[in-house]
Amino acid sequence: GSVFTLALPLGSTSSAERRQPSTHSKSPFKSCATVQILAVDDEDVVRNVLQEMLHSCFNCSVDLALNGAEALEAISLKNYDLVVSDIRMPVMDGPELYIRLKDMNHAAAKRFVFMTGHAGDKDFEEKILEWGVPVIAKPFRLSRLSEVCYPFLVNALPPRQTDLSYPI
């Protein structure tokens, strides 16, 4: 039942880093392991780093898929609060995954975020803009991931936790 407070000097971090609050400091996700995210990327390193980032930011369960086909299978077995998908992947890319979900009138299409490390062509970029799906450019910081994903995930929290402040 004891509470200890420990104050340490900031050290040699830049003033910008000192101004940026910790991801966990105001997060409503501190004790919400019920939030479910599916991360879809064909690169092992990216997929694993994304899983760690999402888990550390939102304290949630993060399942992984190698491509859109694996993601569709996972979505058929489980409801996800958010799908974060790379755009360019073999077997089934992110846009095809999104279109299939949308055609199925699946709720997951309404909670979808694209990631890409490639500048796309103008027609494709306009199509994504028309769909209204957010896009995160790789490489990205944890704060950018949190900023884009937070609005989707805060709605997945139990009602008593939704009145809390923004996590970054």
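Residues numbered from 1 in each chain as written. Predicted model: local features only at pLDDT ≥ 70, side-chain atom pairs only at ≥ 80, totals over all residues. Heavy atoms only, no water.

A.B. asks: Would you mind showing me how to read the side chain of Gln36 here?
C.D. replies: With respect to the secondary-structure elements, Gln36 resides in strand β1 (residues 36-40). The buried category is assigned to Gln36, whose relative accessible area is 15%. At 2.9 Å, the side chain of Gln36 and the side chain of Lys78 are in polar contact. Discounting residues that sit within four places of it in the chain, Gln36 has contacts with Ser61, Lys78, Asn79, Tyr80, Asp81 and Leu82. (Helix = DSSP H or I, 4+ residues; strand = E, 2+ residues; numbered from the N terminus. Buried < 20%, exposed > 50% of the residue type's maximum accessible area, 1.4 Å probe, protein only. Polar contact = N/O pair within 3.5 Å; in protein donor to acceptor, adjacent residues only side chain to side chain. Contact = heavy atoms within 4.5 Å.)

A.B. asks: Which parts of the structure should I look at to understand the nonpolar core?
C.D. replies: Generally speaking, soluble globular proteins have nonpolar side chains that are buried together. Ile37, Leu54, Phe58, Leu82, Val84 and Cys149 are the most contacted members of the largest nonpolar core, which has 23 residues in total. Those elements giving two or more residues to this core turn out to be β1, α2 (44-58), β3 (82-86), β4 (112-116) and α6 (142-154). At seven residues, α6 tops the list of elements feeding residues into this core. Non-local contacts of Val84, meaning those with residues more than four positions away in its chain, are made with Ile37, Leu38, Ala39, Val40, Leu50, Leu54, Val113, Met115 and Cys149. Grouped together as the second largest cluster of nonpolar side chains are 22 residues, Ala65, Leu72, Ile75 and Leu97 included. (Core = buried A, V, L, I, M, F, W, Y, C linked by side-chain atoms within 4.5 Å.)

A.B. asks: Please explain α6 as it appears in this structure.
C.D. replies: An α-helical turn contains 3.6 residues, so any two residues separated by three or four positions project in the same direction. An ideal rise of 1.5 Å per residue puts 18 Å on 13 residues; α6 measures up with 17 Å between its terminal C-alpha atoms. For α6, the principal kink sits at Val148 and spans about 35°; a proline, Pro151, occurs within the next four residues. Close packing links the buried residues of α6 with β1, α2, β3, β4 and β5 (135-137). (Expected span 1.5 Å × (residues − 1). Bend = angle between axes of the 7 residues up to and from the residue.)

A.B. asks: What exactly am I supposed to notice about the confidence of the model for the chain here?
C.D. replies: Note: predicted coordinates in regions of low pLDDT should not be interpreted at a detailed level. Predicted confidence across the chain gives a mean pLDDT of 79, with 71% of residues reaching 70 or more. The secondary-structure element of the chain with the lowest mean pLDDT is helix α1 (residues 15-19), recorded at 40, while helix α3 (residues 68-77) shows the highest, at 96. (pLDDT = per-residue confidence, 0-100.)

A.B. asks: Just checking my understanding: could you explain unusual backbone geometry for this structure?
C.D. replies: Negative phi is the rule for most residues except glycine; trans is the rule for most peptide bonds. Backbone torsion omega between Lys138 and Pro139 reads -10°, so that peptide bond is classified as cis. When you line up the elements, Pro139 lands in the loop between β5 and α6. Positive phi, close to 50°, is recorded for Asn59, a residue that is not glycine. Relative accessible area serves as the criterion here: at 24%, Asn59 is assigned to the partly exposed category. Within the chain, Val91 stands out as a residue other than glycine whose phi angle is a positive 70°. With respect to the helices, strands and loops of the structure, Val91 is situated in the loop between β3 and α4 (94-103).

A.B. asks: What is the right way to look at the packing of aromatic side chains in this model?
C.D. replies: Each aromatic ring pair is characterised by the separation of its centres together with the angle its planes make. Evaluation of the coordinates by the stated rule reveals five aromatic pairs. Pairing Phe112 with Phe114 gives two aromatic rings, centres 5.0 Å apart and planes at 70°, and the pair type is edge-to-face. Note on Phe112: relative accessible area 1%, which makes it buried. On the basis of relative accessible area, Phe114 is assigned to the buried category, the value being 0%. By the ring-pair criterion, three or more aromatic residues cluster together here, those being Tyr98, Phe112, Phe114 and Trp131. (Phe/Tyr/Trp six-rings, centres within 6.5 Å; stacked < 30°, edge-to-face > 60°.)

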